[in-house]
Amino acid sequence: MERNVCTHEHDCGNEDFGGSSLHGHINHQRVTVLNAEDDAAAPRVLRPWEERLEREGEPLRSDDDPELILHIPFTCDVKVRGIMVIGGGEGRAPRRMEAWTDKAAGEISLSNAARRTPTQAWNIVEDLQGVLEYQTDLTKFQAVSSLTLFFPTNVASTGTTEIWYVGLRGEGTGNVRDMRVTTAYEVAFKLNSNLRHHVNTARAIPQAHDHRTPAEDGAPAPALGL
């Protein structure tokens, strides 16, 4: 077991996961996911700690391949101390987790996640009972406005990945960012991404040749021999 993994079979220094859950600080309406079979499943896995073992409905399941990207915005800046992940059985639980702080929704994507350096990464194990917490380097998780989690593979290294629960432990700072600024940043990011896409597409389109005659350019037309 890695140094930054804690088992909640004990009290973690008199601070249990449920007592310091960040569930109440999550902006559930703005949670998004990439490569999911059902996008609506993303907010459902971010439940209160006391409900972590519930299995009603369907899990958050990847579409075709194991990759999943979960974007979690907060209603105020938070300190993230630990992350708990309960995955599916039979090899469908995530095997690795990479995290970024303060990224716009969609900024970390399936096309660039492997090239982007995460704020922190963990090799994780199957935990069906919700007793393992992956602790953060707290110096890097201060005043966090959003958390993006990338699960690149699962225990089986193939097929779909399933997640039943994601829990976050920490504390709110009370600092509420101007959501107009945050939204404007995300819109600007999406517009910039779309602009780059259109520019690259335009460069790939061959330009039509100019078929004007010399006479149309002002040059005298050659005389035809009789």
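Residues numbered from 1 in each chain as written. Predicted model: local features only at pLDDT ≥ 70, side-chain atom pairs only at ≥ 80, totals over all residues. Heavy atoms only, no water.

1. As for the side chain of Glu133
With respect to the helices, strands and loops of the structure, Glu133 is situated in strand β7 (residues 132-135). A distance of 2.8 Å separates the side chain of Glu133 from the side chain of Arg169, its partner in a polar contact. (Helix = DSSP H or I, 4+ residues; strand = E, 2+ residues; numbered from the N terminus. Polar contact = N/O pair within 3.5 Å; in protein donor to acceptor, adjacent residues only side chain to side chain.)

2. Points about the environment of Gly87
Positionally, Gly87 belongs in strand β4 (residues 68-87). By relative accessible area, which is 4% here, Gly87 ends up buried. For the pair Gly87 and Trp164, spaced 77 residues apart in sequence, the C-alpha separation works out to 5.5 Å. (Buried < 20%, exposed > 50% of the residue type's maximum accessible area, 1.4 Å probe, protein only.)

3. Details of the pairing of strand β6 (residues 120-123)
Across the two faces of β6 the burial differs, with Gln120 and Trp122 buried and Ala121 and Asn123 not buried at all. Note that strand β5 (residues 96-101) and β6 share four bridges and pair antiparallel. In the strand pairing of β6, Ala99 is matched with Gln120. (Pairing = 2+ DSSP bridges.)

4. As for the nonpolar core
The nonpolar side chains of a soluble globular protein tend to be buried, and buried together. One finds Leu60, Leu70, Ile83, Met97, Leu149 and Leu168 to be the most contacted residues of the largest nonpolar core, which totals 34 residues. Sorting the residues of this core by element identifies α1 (41-44), β4, β5, β7, β8 (144-151) and β9 (162-172) as the ones contributing at least two each. By residue number, the principal contributor to this core is β4, which donates nine residues. (Core = buried A, V, L, I, M, F, W, Y, C linked by side-chain atoms within 4.5 Å.)

5. A few points about the environment of Gly172
Mapped onto the elements of the fold, Gly172 is located in strand β9. Along the sequence, Gly172 and Gly24 sit 148 residues apart, while their C-alpha atoms lie 9.2 Å from each other. Those residues in contact with Gly172, other than ones at most four positions away along the chain, are Leu22, His25, Cys76, Asp77 and Val78. (Contact = heavy atoms within 4.5 Å.)

6. Examining the pattern of salt bridges
Pairs can form between side chains of opposite charge whenever their charged atoms are close. Inspection of the entire model under this criterion finds twelve salt bridges. For Glu171, the salt bridge is made with Lys79, and the minimal N-O distance between the two is 4.0 Å. Pair noted here: Glu171 is in strand β9 and Lys79 is in strand β4, with a separation of 92 residues, a long-range link. Residue Glu171 is classed as partly exposed on the basis of its relative accessible area of 31%. Among the ionic contacts, a cluster of salt bridges with common partners joins Glu37, Glu58, Arg61, Glu90, Arg92 and Glu162. (Salt bridge = Lys/Arg side-chain N within 4 Å of Asp/Glu carboxyl O.)

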